[in-house]
Every structure is written in C-alpha cells, then in structure tokens.
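Overview (structure and organization)
Each chain, letter by letter, is given below.
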Amino acid sequence: QAQLVESGGGLAQAGGSLRLSCAASGLTLRPYVLAWFRQAPGREREFVAASSRGGGGTDYDDSVKGRFTFSRDNARNTMYLQLNSLKEEDTAVYYCAASSYVWSSRRDVAAYGYWGQGTQVTVSS
C-alpha cells in the first residue's frame, strides 16, 4: 500500500528555519510530480512548491519564493522542504503529495492522488 509519511514540523520563531521530510513507501517517487501544500485554519489547501518528474524543474508560490527550497532524493525515495526566514503567516499544516498528471497541473490539489498525513508548522513572533 502506497504511503507518504511526513516529519519535521514543529514550533519555530519568526525568522527561523525548519526542514520537512516526506518519505514514501510502496511508491517510487521518481516518475511523479511532487509537491508541498499547506492549509491554515479556516482556509483552503494551497500550493506551496512542486518538483517535476525526476527533479529537473521546480515551482514556488510567490509567498514562499526565495525562502523555501524543495528538494528530492530519488535514491532515498524522499522529498524535502526547507523553510527559512519563517513568518507567522507560514503557520499551517503542511502536506506532501505525488501526482501522475502533467506538469501544467502542478498547482491543482485535485491532480494529486497520493497525500501525506500532514505535519503542523507553527511560527511565533
């Protein structure tokens, strides 16, 4: 059974850093478009960052560009999201996801068939 398991969330101060990990089992990540989404209380799940199949390209939402970095380790079957210069508005549950759809659908929640359970990131001032 395919599973994505996140880790690395927690509490950080504004301006601080966290690193999220998402390990896959029962699923080889290499041929998939991979992404991170987040959902704050009372808000819809929103796109954060994505990596193309094999990792040749990345895309970031403007709100995190220059602060967050997506990486993937195909050998470890794991993806990561490095969160730097954190802001209070980054507080949310972060989800990793995998999609078999084309790259043009990378920001669409509905394009992702595999999801992690979510990890809480809380940023305090």
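The rules we used
- Throughout this description, residue numbers start from 1 for each chain and increase along the sequence as written.
- With the structure being a predicted model, the display of local features is reserved for residues of pLDDT at least 70 and the display and counting of side-chain atom pairs for 80 or more, all residues being used for whole-chain, interface and lining totals.
- Hydrogens are left out, water is left out, and the side-chain values use all remaining heavy atoms of the structure.
- Secondary structure counts use DSSP, requiring at least four H or I residues in a row for a helix and at least two E residues in a row for a strand, with both numbered from the N terminus.
- We call two residues in contact when some of their heavy atoms are within 4.5 Å.
- Here, any two strands with at least 2 DSSP bridges between them count as paired.
- Between the rings of Phe, Tyr and Trp (Trp by its six-membered ring), a pair exists once the centres lie within 6.5 Å; its type follows the angle of the planes, with under 30 degrees stacked, over 60 edge-to-face, and the other angles tilted.
- Residue exposure (1.4 Å probe, protein chains only): buried if accessible area is under 20% of the type maximum, exposed if over 50%, otherwise partly exposed.
- Here, over-ring charges are defined by two tests on the NZ atom of lysine or the CZ atom of arginine: distance to the ring centre within 6 Å, and angle to the ring normal within 35 degrees.
- Any pair of N or O atoms that falls within 3.5 Å is considered a polar contact. Within protein, one atom must be able to donate a hydrogen and the other to accept it, and sequence-neighbouring residues count only if both atoms are side-chain atoms.

1. A short note on the environment of A98
The topology assignment puts A98 in strand β9 (residues 92-99). In this structure the C-alpha to C-alpha distance between A98 and R53, which are 45 residues apart in sequence, comes to 10.0 Å. Not counting residues up to four positions away in its chain, the partners in contact with A98 are L4, L27, Y32, V33, L34, Y112, G113 and Y114.

2. A closer look at the pairing of strand β3 (residues 18-25)
Where strand β1 (residues 3-7) meets β3, five bridges bridge the pair, whose relative direction is antiparallel. Note that in β3 the partner of Q3 across the bridge is S25. Here six bridges tie β3 to strand β8 (residues 78-83), and the two strands are oriented antiparallel to one another. In the strand pairing of β8, C22 is matched with M79.

3. What to know about the packing of aromatic side chains
For the coordinates displayed, the defined rule picks out six aromatic pairs. Taking the centre distance of 5.8 Å and the plane angle of 90° together, the rings of Y32 and Y114 count as edge-to-face. Of this pair, Y32 sits in the loop between β3 and β4 (33-39) while Y114 is found in strand β10 (residues 114-115), placing the two residues 82 residues apart along the sequence. A relative accessible area of 16% means that Y32 is categorised as buried. The exposure class assigned to Y114 is partly exposed, which follows from its relative accessible area of 31%. Here R19 stacks its cationic end above the ring of Y80, 4.0 Å away from the centre of that ring. Here the basic side chain of R45 rests over the ring of W115, its NZ or CZ set 4.8 Å away from the ring centre.

4. A short note on the side chain of R67
Within the secondary structure, R67 is located in the loop between β6 (58-60) and β7 (68-73). When its relative accessible area of 9% is taken as the criterion, R67 is described as buried. Separated by 2.8 Å, the side chain of R67 and the backbone oxygen of S63 make a polar contact. The contact partners of R67, leaving out residues within four places of it in the chain, are Q82, L83, N84, S85, L86, K87 and D90.

From the geometry alone we can't say anything about function, so treat these as descriptive.
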